[in-house]
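# Overview (structure and organization)
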Amino acid sequence: MIRFALICDNGHEFESWFASNDSFDFQIENKLVACPHCNGTEVAKAVMAPAVARAGGGPGEPAAPAKSPKQNVALLGEGDRELRTMVRELHAKIVAATVDVGAEFPREARRIHDGAAPERPIRGQASLEEARSLLEDGVSILPMPTPPEDRG
Ligand SMILES: [Zn+2]
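Below: a short report on this structure. Keep in mind it's a predicted model, so treat the numbers as computed, not measured.

Looking now at the overall build of the protein chain. Helix and strand counts for the protein chain come out as four helices and seven strands. Helices (α) and strands (β) of the protein chain occur, in sequence order from the N terminus, as β-β-α-β-β-α-β-α-β-α-β. Across the 152 residues in the protein chain, those meeting the buried criterion constitute 30%.

Here's what the structure looks like:
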C-alpha cells in the first residue's frame, strides 16, 4: 500500500491509500477518487516530498533559510541515459544510507533535530506543509531524487 497526499481542484488536501502507483493512476484517470470535503473528482497528487534529514545542525550552525516550496525538476529525453543512471544511483545511495521512517518522517526529523532521538540519516514522506515547517524550524531536509522509472 502507498499513501498519497492529494489535493482537489478546490484546494482541499487529504490523504488516501492505494495498492500501487498504477492503481493510483487508474483511479485518478477514471475519477474514482473523490475529495472527502467537496466530493470533487478533479484530484491530483499533492507534493509529498520524500526528504532526508541531515545529521548535525547543532546550535553553531545557521538555520537553513526558508526555501521556496517549488522543487527542482528536470526533463530528460530518452537519450539521457547517463543522467538517468546518475539519478538512479544517487537515489540508491540515499536509500542505502538512510533508514526509512515513512510517514513518521516529520516527527522523527524534528526529534533528531531537538536531540530527543539519536542522530542518524532518515528518509520518509512529508507533506509540503510539513516540509516547509521543518525548514522554517531549521531542520535540514532535502528532497529526494525520484528514479525515472518510479514516476507516475
Ligand atoms: Zn475538495
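With that settled, consider the coordination of the zinc ion. Surrounding the zinc ion are the protein donor atoms Cys8 (SG), His12 (ND1), Cys35 (SG) and Cys38 (SG), which sit 2.0 to 2.3 Å from the metal. Classification of the site at the zinc ion rests on its four donor atoms, whose angles at the metal span 104 to 112°, yielding the label tetrahedral. The sequence pattern describing where the donors of the zinc ion fall on their chain is C-x3-H-x22-C-x2-C.

Right, let's get into the nonpolar core. In this structure, Val101, Phe105, Ala109, Ile112, Ala117, Ile122, Ala126, Ala131, Leu134, Leu135, Val139 and Ile141 together form the largest nonpolar core, which totals twelve residues. Looking at this core, the elements with two or more residues in it are α3 (105–113), β6 (122–127) and α4 (128–136). In this structure, Ala117 is in contact with Glu108, Arg111 and Ile112, ignoring residues within four places of it in sequence. With ten residues, the next largest nonpolar core counts Phe4, Cys8, Phe14 and Ile28 among its residues.

We now examine the pattern of salt bridges. Enumeration over the complete set of coordinates arrives at seven salt bridges. Of the charged contacts, one joins Glu108 and Arg120 as a salt bridge, the two residues approaching to 2.9 Å between their closest N and O atoms. Of the two residues, Glu108 sits in helix α3 while Arg120 sits in the loop between α3 and β6, which places them twelve residues apart along the sequence. Taking relative accessible area as the criterion, Glu108 reaches 10% and is therefore assigned buried.

Here we come to the sheet that holds strand β3 (residues 43–45). Read from one edge to the other, the open sheet built from three strands follows the order β2-β1-β3, with strand pairing classed as antiparallel. Edge positions in the sheet fall to β2 (13–18) and β3, since each has one partner strand and no second. The average angle at which neighbouring strand axes cross in this sheet is 45°, direction not considered. For strand β1 (residues 2–8) and β2, the ladder comprises six bridges, and the chain directions are antiparallel. Directly across from Leu6, in β2, lies its bridge partner Phe14. The sheet strands contacting helix α1 (residues 21–29) are β1, β2 and β3, and the helix crosses β1 at an angle near 25°.

Reading guide: rules and limits
Residues numbered from 1 in each chain as written. Predicted model: local features only at pLDDT ≥ 70, side-chain atom pairs only at ≥ 80, totals over all residues. Heavy atoms only, no water. Helix = DSSP H or I, 4+ residues; strand = E, 2+ residues; numbered from the N terminus. Buried < 20%, exposed > 50% of the residue type's maximum accessible area, 1.4 Å probe, protein only. Donors = N, O, S within 2.8 Å, 3.2 Å for Na, K, Ca; no water. Tetrahedral: all angles 85-135°; square planar, octahedral: opposite > 155°, others 65-115°. Core = buried A, V, L, I, M, F, W, Y, C linked by side-chain atoms within 4.5 Å. Contact = heavy atoms within 4.5 Å. Salt bridge = Lys/Arg side-chain N within 4 Å of Asp/Glu carboxyl O. Pairing = 2+ DSSP bridges. Axes fitted to C-alpha atoms, helices over the stretch in contact; angles between N-to-C directions.

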